[in-house]
Amino acid sequence: MLQLSFSTILMAVLFSNIVIALTAICFCHKETLVSIGYKMFAFLLVITLLRVIFPVQFSFTTNIELPAMLSRAISFLRCTFYQTASIKISIWNIFKLIWVSGILVKVILFIKTQWVFNHWIVWYGIDVTDKEGYSNLMHEIGSDEKYSSFRIIQLYGLKIPILYGIFRPRILIPADMEMSEDSLRYLLSHETSHHFHHDIITKIILNTLTIVYWWNPACYLLKAQLDAVLEMRIDNGIAGNTFDSKFGYLNCLVYVADFGSNATGKRVKIPENSIALFDSHTFNNLINRFHIMGETPKSFAKPLHMAILAVTVALYLFSYLFIFEARYIVPEDNVFDATDPSIYAVITENDTYELYYGGFLLETVDTLENYHKDTPVYNSIDDVPEELRVIIEH
């Protein structure tokens, strides 16, 4: 049976943030970036997102009691210090309010950016897909039917070319950017490659994690690192192995970078779920892209790849096999008030009631007439909310 509780959510948060931090550390250096590569990066993001989506406990999960000091700390965080008829205020509830508020702000800003950008395309975009120069280049790049879904749009107010959209991919080019035929060919090849490698979907996964864990600085570092990994893979494929092809591709990047840095006038904000040809993030500036281009994985690549895979899978399985749970502490005097809101009842198979205080059985009774009329009653101990089981020591 699946069960959702404070402990299961805590375990999901703990696991996902450990993996995010480890990923950010592993990809801090260019050599590691080249050696591990995109597939491992994508795997780490997917497995982290899965743990966030399913923060549950299974029937085979074993609870591990935390040490007394940590148990008291968790109990203190969840202890209600002010209560009204409908509101319970605790440090944990305040933290949840701040956390959820941050997520809502992030979502609102994301939606606003998308709305503004989509309307900007409608107002200031010019579809040039069927113009002879663009049409011929797209046919050179790929004559398959899958290439026919791309639209090429010249957009005023754009600093750099980007790929935008999953089901209706659009290659957006600044309307005031003049490019040679060769540079335009490199640009179109670059952006179409991003689409066919599903790179925007990968960015959406990381953006989702960043929205959920907006307070974790490692998420923002990962975003810059992901850009580097995605560009590194595309650069190596588009630049080719000859000097002329690499020189032409690098000239294209330099031209785009120079245009973007000198662009003036009103510029629209680029949405998060797009991929730009050039960005100024760490590991993704021109110098690093030139150094990374053409590099081969180091000798330690395969052992490191296997080690990261083994550690991540082990942590993932551990987070479902075991759940850390605070100890539930009985008041020292063992005296209970029958109206205490921490007391609850569980119906037994014999239609009697087991009365609990936190995680401890007080007594078994035939009727609840001596207890408060609002005493919670549950069909089984598994139905009892986690917060009723956590009792801080008096």
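Remember, it's a predicted structure, so these values are computed and weren't measured experimentally.

1. Some remarks on the overall build of the chain
- For the chain, the count of helices and strands is 12 helices and 13 strands.
- For the chain, buried positions account for 45% of its 394 residues.
- Partitioning the contacts of the chain with sequence separation of at least 6, the portion at a separation of at least 24 is 73%.
- Working note: accessible area of the chain is about 21100 Å², and carbon and sulfur atoms make up 62% of it.

2. A closer look at a nonpolar patch on the surface
- A cluster of nonpolar side chains, Phe 76, Leu 77, Phe 81, Tyr 82, Ile 91, Ile 94 and Ile 98, forms an exposed patch at the surface whose accessible area comes to about 680 Å².
- Breaking the nonpolar patch down by element, the ones donating at least two residues are α3 (68-78) and α4 (91-124).

3. Here's the deal with the confidence of the model for the chain
- On average, the chain scores 82 in pLDDT, and the residues at 70 or more come to 87%.
- The model gives residues 329-334 a pLDDT under 50, and that stretch makes 11 contacts with residues more than four places away or in other chains.

4. Points about the packing of helix α8 (residues 217-239) against helix α9 (residues 243-262)
- Between α8 and α9, the least distance of the axes is 9 Å, while the angle of their chain directions is 130°. Classed by the angle they form, the pair α8 and α9 counts as oblique. Touching Asp 235, Ile 238 and Ala 239 of α8 are Ser 245, Lys 246 and Tyr 249, all from α9.

5. Some details on the nonpolar core
- In terms of nonpolar packing, the biggest core is built from 70 residues, with Phe 117, Leu 172 and Ile 173 touching the most fellow members.
- Those residues in contact with Ile 173 that lie beyond four places of it in its chain are Tyr 134, Ile 152, Ile 153, Gln 154, Leu 155, Leu 158, Leu 184 and Leu 187.

6. Observations concerning the side chain of Asn 17
- For Asn 17, the location among the structural elements is in helix α1 (residues 6-26).
- From its side chain, Asn 17 meets the backbone oxygen of Val 13 in a polar contact 2.8 Å long.
- A polar contact of 2.5 Å, which involves the side chain of Asn 17, links it to the side chain of Asn 216.
- Residue contacts for Asn 17: discarding those within four places in its chain leaves Tyr 213, Trp 215 and Asn 216.

7. Things to note about unusual backbone geometry
- Here the phi dihedral of His 198 falls at roughly 60°; this positive angle occurs in a residue that is not glycine.
- Within the fold, His 198 resides in the loop between α6 (181-196) and α7 (199-212).
- Positive phi outside glycine occurs at Asp 351, with the angle close to 65°.
- Position of Asp 351 among the secondary structure elements: in the loop between β10 (343-347) and β11 (353-357).
- Taking the relative accessible area as the measure of exposure, Asp 351 reaches 60% and is therefore exposed.

8. Here's the deal with the sheet that holds strand β8 (residues 274-276)
- Ordered in space as β4-β5-β7-β6-β8, the 5 strands form an open sheet in which the pairing is mixed. Because the sheet does not close on itself, it has two edges, and the strands there are β4 (125-127) and β8. Sheet twist, expressed as the mean angle between neighbouring strand axes with direction ignored, is 25°.
- Here 3 bridges tie strand β6 (residues 162-164) to strand β7 (residues 170-174), and the two strands are oriented antiparallel to one another.

9. Quick notes on the side chain of Ser 189
- Relative to the helices and strands, Ser 189 is located in helix α6.
- Not counting chain neighbours up to four residues away, the residues in contact with Ser 189 comprise Ile 141 and Ile 238.

10. Structural notes on the pattern of salt bridges
- Throughout the structure, instances matching the rule amount to 8 salt bridges.
- A salt bridge links Glu 181 to Arg 185; its shortest N-O distance comes to 3.1 Å. In this pair, Glu 181 and Arg 185 are both assigned in helix α6, 4 residues apart and thus about one turn of the helix distant.
- A residue is classified by how much of its surface remains accessible, and Arg 185, at 24% relative accessible area, is partly exposed.

11. Brief notes about helix α11 (residues 301-321)
- Here α11 is 21 residues long and its end C-alpha atoms lie 30 Å apart, about the 30 Å a rise of 1.5 Å per residue gives.
- For α11, the complete set of buried residues consists of Ala 301, Ile 308, Thr 312, Tyr 316, Ser 319 and Tyr 320. The arc that holds every buried residue of α11, seen down its axis, measures 100°, which confines them to one face. Exposed and oriented more than 90 degrees from the buried face of α11 are Lys 302 and Pro 303.

12. Points about the environment of Gly 248
- Following the sequence through the fold, Gly 248 ends up in helix α9.
- You can call Gly 248 buried: its relative accessible area is 18%.
- Taking C-alpha positions, Gly 248 is 7.3 Å from Ser 183, a pair spaced 65 residues apart along the chain.

13. Details of the packing of aromatic side chains
- This model, assessed by the stated rule, comprises 19 aromatic pairs.
- With 5.7 Å between their ring centres and 80° between their planes, Trp 99 and Trp 215 make a pair best called edge-to-face. Of this pair, Trp 99 sits in helix α4 while Trp 215 sits in the loop between α7 and α8, placing them 116 residues apart in sequence.
- For Trp 215, a relative accessible area of 32% corresponds to the partly exposed category.
- Here the aromatic rings of Phe 117 and Tyr 164 are separated by 5.0 Å at their centres, their planes lie at 75°, and the arrangement is edge-to-face. Here Tyr 164 lies in strand β6 and Phe 117 lies in helix α4, a separation of 47 residues in the sequence.
- Taking relative accessible area as the criterion, Tyr 164 reaches 3% and is therefore assigned buried.
- Cluster of aromatic residues (ring-pair linked, three or more members): Phe 15, Phe 58, Phe 60, Tyr 316 and Tyr 320.

Analysis parameters
- Residues numbered from 1 in each chain as written.
- Predicted model: local features only at pLDDT ≥ 70, side-chain atom pairs only at ≥ 80, totals over all residues.
- Heavy atoms only, no water.
- Helix = DSSP H or I, 4+ residues; strand = E, 2+ residues; numbered from the N terminus.
- Buried < 20%, exposed > 50% of the residue type's maximum accessible area, 1.4 Å probe, protein only.
- Contact = heavy atoms within 4.5 Å.
- Areas by Shrake-Rupley, 256 points an atom, 1.4 Å probe, with all protein chains shown as cover.
- Patch = residues over 30% accessible without salt bridge, like charges linked within 9 Å, V, L, I, M, F, W, Y side chains within 5 Å.
- Salt bridge = Lys/Arg side-chain N within 4 Å of Asp/Glu carboxyl O.
- pLDDT = per-residue confidence, 0-100.
- Axes fitted to C-alpha atoms, helices over the stretch in contact; angles between N-to-C directions.
- Parallel < 35°, antiparallel > 145°, perpendicular 65-115°, else oblique.
- Core = buried A, V, L, I, M, F, W, Y, C linked by side-chain atoms within 4.5 Å.
- Polar contact = N/O pair within 3.5 Å; in protein donor to acceptor, adjacent residues only side chain to side chain.
- Pairing = 2+ DSSP bridges.
- Expected span 1.5 Å × (residues − 1).
- Arc of directions from axis to C-beta.
- Phe/Tyr/Trp six-rings, centres within 6.5 Å; stacked < 30°, edge-to-face > 60°.

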